[in-house]
Amino acid sequence: MQRFALLSAVILAALGALATGAAQAGGLERLYILNCGEGVAGDISRWSPGVNVGQSMPFVDNCYLLKHAQGWLLWDTGVPDAIAAMPEGQKPADPKATHWYRPKTLASQLEALGVKPADIQFVAVSHTHGDHIGNVELFPQAMLLVQKAEYDWPGPNNAPRFKPEHPVTKLDGDKDVFGDGSVTILATPGHTPGHQSLLVKLPKTGALVLSGDAVHFQANWDHRRVGRVYHRCG
Ligand SMILES: [Zn+2]
């Protein structure tokens, strides 16, 4: 089966021109790509209304762990680790949505890297759909970095999107996380009211944007297809 360019799972190298300057940027040391879920979307026209109606597609859902001299930052947390224990995965109520599997837990991948949940200083999520915030509470002590517009967006039945007691920094726009220009949150609203992306400047690779669900498919980017604000993602 063909693998598709799901932009929530791939790094969009949109800022190559900045790559030269990246080598001088601060204390960012390394980026790890973690498997945070795999699935099958029932109908991808959810993300391109009127186009590809009824077409199914395999999906991947990544998390990204950044090692910076000042601490660890986790970008997105994927679908819940509990799905790993479900032999049939998690079936969506709506067959057009995504049927998720969890080949590996996030916790086991961190353990393999020798990183304890308590070591994670910052957890930043691109947005609050279930396939991105499924494991936020593995890190109850970590500072959440989330746009205020997303934090305040009422969830289903007006439920809060995060536990009120979870430490949080509510952002209003872009944020240079470590103050050295190496890791910058970019406000990219649209898919949800407070969607955000992450600009990382790696010592060797250069500048990359982790684009979350700002664009789902290469074809949507190429043809400038824009979705709507989604209350549910997968
Ligand atoms: Zn989403």
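Sequence order as written defines the numbering, with residues in each chain counted from 1. It should be noted that, the model being predicted, local features are given only for residues of pLDDT at least 70 and side-chain atom pairs only at 80 or more, the latter also being counted only at that level, while totals for whole chains, interfaces and linings use all residues. Here the side-chain values reflect all heavy atoms present in the structure, with hydrogen atoms and water set aside.

Draft legend 1. Layout of the overall build of the protein chain. Starting at the N terminus, helices and strands are each numbered in turn, a helix being any DSSP run of H or I of at least four residues and a strand any DSSP run of E of at least two. When its secondary structure is counted, the protein chain shows four helices and twelve strands. Residue pairs at least 24 apart in sequence account for 66% of intrachain contacts in the protein chain once pairs closer than 6 positions are excluded. To measure how exposed things are, a 1.4 Å probe is used in the Shrake-Rupley method; for residues, cover is taken only from the protein chains shown. Total accessible area on the protein chain is roughly 11,000 Å²; 54% of this is exposed by carbon and sulfur atoms. Residues are treated as being in contact if the distance between any of their heavy atoms lies within 4.5 Å.

Draft legend 2. Main features of the side chain of His191. Tracing the chain through its elements places His191 in the loop between β10 (183-187) and β11 (196-202). For His191, a relative accessible area of 6% corresponds to the buried category. Side chain to side chain, His191 and His129 meet in a polar contact 3.1 Å long. Here a polar contact is recorded for every N or O atom pair within 3.5 Å, except that within protein the pair must consist of a potential hydrogen donor and a potential acceptor, and residues adjacent in sequence are included only if both atoms are side-chain atoms. A polar atom in the side chain of His191 sits 3.3 Å from the side chain of Asp213. The cut-offs for exposure are 20% and 50% of the maximum accessible area for each residue type, with area from a 1.4 Å probe on protein chains only; residues under the lower value are buried, those over the upper are exposed, and the others partly exposed.

Draft legend 3. Region of the structure containing the sheet that holds strand β4 (residues 71-75). In spatial order, the strands read β5-β2-β3-β4-β6-β7-β8; together these seven strands make up an open sheet with mixed pairing. On the outer flanks of this sheet lie β5 (98-101) and β8 (168-171), each paired with one strand and no other. Across the sheet, the mean angle separating the axes of adjacent strands is 25° when strand polarity is ignored. A pair of strands is treated as paired once DSSP finds two or more bridges between them. Relative to β8, strand β7 (residues 143-147) is paired through four bridges, and the arrangement is parallel. In the sheet register, Leu144 faces β8, and the bridge partner there is Val168. Here an angle of 0 to 180 degrees is reported between the N-to-C directions of two axes, which are lines fitted to C-alpha atoms, with helices fitted over the stretch in contact.

Draft legend 4. Here's a closer look at the packing of aromatic side chains. Between the rings of Phe, Tyr and Trp (Trp by its six-membered ring), a pair exists once the centres lie within 6.5 Å; its type follows the angle of the planes, with under 30 degrees stacked, over 60 edge-to-face, and the other angles tilted. Going through the model one piece at a time under the given rule, you end up with seven aromatic pairs. When the centroid spacing of 5.2 Å and the interplanar angle of 35° are considered together, the rings of Trp47 and Phe59 count as tilted. A residue pair is termed long-range when its members are at least 10 positions apart, and Trp47 in the loop between β2 (28-41) and β3 (57-68) and Phe59 in strand β3 qualify at twelve residues. By the burial criterion, Trp47 is buried, and Phe59 matches it. Ring centres of Phe122 and Phe178 lie 5.6 Å apart, and the angle between their planes is 75°; this geometry places the pair in the edge-to-face category. With Phe122 in strand β6 (residues 120-124) and Phe178 in the loop between β9 (175-176) and β10, this pair connects stretches of sequence that are 56 residues apart. This pair shows no difference in class: Phe122 is buried, exactly as Phe178 is. One aromatic cluster is present, built from ring pairs that chain together Trp47, Phe59, Trp100 and Phe217.

Draft legend 5. How the structure looks around the nonpolar core. Take the buried residues of types Ala, Val, Leu, Ile, Met, Phe, Trp, Tyr and Cys, join any two whose side-chain atoms come within 4.5 Å, and each joined set is a nonpolar core. One finds Leu34, Leu65, Leu74, Ile120, Val123 and Phe139 to be the most contacted residues of the largest nonpolar core, which totals 20 residues. Mapped by element, the contributors of at least two residues to this core are β2, β3, β4, α2 (106-112), β6 and β7. Looking at which element gives the most residues to this core, the answer is β2, with three residues.

Draft legend 6. Expanded view of the environment of Ala41. Among the structural elements, Ala41 can be located in strand β2. Here Ala41 falls in the buried class, since its relative accessible area comes to 0%. Those residues in contact with Ala41 that sit more than four places away from it in its chain are Trp47, Gln55, Ser56, Met57, Phe59, Lys96, Ala97 and Thr98.

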